[in-house]
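The residues making up each chain are set out below.
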Amino acid sequence: MFVRTAGPRDLERVPFVAEGQSTHARFLALVGIIFFASGAAYFLALSALMVNLILGIVLVNLSAAGQAVRSTLRDTERPMTIVLFVIAGALVRPAPVLSVAIGFFAFIVLRALGSMLAARITALRTALRPDLHRGFVAQSAVVVAMAVTFRIVVEGELVDVAYIVILLSVVFHGLLGPRLLRGLLADAGGLMVREDVEPPVGPAPESGAAEVS
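If you're wondering where the values come from, they're calculated on a predicted model, not measured in any experiment. (Residues numbered from 1 in each chain as written. Predicted model: local features only at pLDDT ≥ 70, side-chain atom pairs only at ≥ 80, totals over all residues. Heavy atoms only, no water.)

Draft legend 1. Representation of the layout of surface pockets. The computed volume of the largest pocket comes to approximately 1600 Å³. Around the largest pocket, the lining comprises 37 residues; the ones closest to its centre are Ile34, Leu49, Asn52, Leu84 and Ala145. When residues of the lining of the largest pocket are traced back to their parent elements, those giving at least two are α2 (23-43), α3 (48-61), α4 (66-75), α5 (77-90) and α7 (141-153). Top contributing element to the lining of the largest pocket by residue count: α3, with nine residues. When its residues are assigned to classes, the lining of the largest pocket shows 28 nonpolar, seven polar and two charged. Considered as a void within the structure, the second largest pocket measures approximately 160 Å³ in volume. Lining the second largest pocket are 13 residues, and of these Ala112, His133, Val137, His173 and Leu180 sit closest to its centre. Elements that contribute at least two residues to the lining of the second largest pocket include exactly α6 (97-122) and α8 (157-188). For the lining of the second largest pocket, the element with the most residues is α6, which contributes five residues. Among the residues forming the lining of the second largest pocket, the class breakdown is eight nonpolar, three polar and two charged. (1 Å grid on protein atoms, 1.4 Å probe; cavity = no way out; pocket = protein on both sides within 12 Å on 5 of 7 lines; lining within 4 Å. Points joined across faces, edges and corners; volume = space filled by probe spheres on them. Helix = DSSP H or I, 4+ residues; strand = E, 2+ residues; numbered from the N terminus. Nonpolar A, V, L, I, M, F, W, Y, C, P; charged D, E, K, R; others polar.)

Draft legend 2. Summary view of the pattern of salt bridges. Enumeration according to the criterion identifies five salt bridges in this entry. Between Arg129 and Asp131 there is a salt bridge whose closest N-O contact spans 2.9 Å. Bridged by salt links that share partners, the residues Arg93, Arg151, Glu155 and Asp160 form one connected network. (Salt bridge = Lys/Arg side-chain N within 4 Å of Asp/Glu carboxyl O.)

Draft legend 3. Main features of unusual backbone geometry. Despite not being glycine, Ala45 shows a phi value in the positive range, around 60°. Within the fold, Ala45 resides in the loop between α2 and α3. The exposure class assigned to Ala45 is exposed, which follows from its relative accessible area of 71%. Look at Arg125: it is not a glycine, yet its phi comes out positive at around 60°. (Buried < 20%, exposed > 50% of the residue type's maximum accessible area, 1.4 Å probe, protein only.)

Shown next as structure tokens:
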């Protein structure tokens, strides 16, 4: 009985991210690559977000399976976002309530003033609306990822306060952002809002159903 060992050509035929792989196998390979890159970045005192950003550029644009990697990342975006928020909640440590409240309100006010000023400066001598900041209120999961990275690398009481403030800001702006964006689209004419029509209550009637007199 002879046992054939894998040679260099066999390894070339079975890369970590191949074009003919299944979605689950490709996802596991991506998770391993991301974990290895993040660990190396932490060991070398580099930004894990920057390292993974470069990794994503290389995998999607320079790999033969770039489109497959893109589709895998797109399909797993929502589940991984939920996992990210669970990890973010698990890293919360108790902090002084007064410091958190002051930091939260100060951050909300400063962010709003900065967004308004930036929107007005951008709209100078252009056809853009000066209130475009209403469409950029919500914060993405990238902010949570940056906060988690900052929380893992840096320790201290001020870090605990800043971390909670960032998470509260993400939740607050996530609730406020869609309403402001809807108002901006309605004011700009991109969304028709009819207040005289009430939404139907209950399930929509099926097409072709018989009318009852």
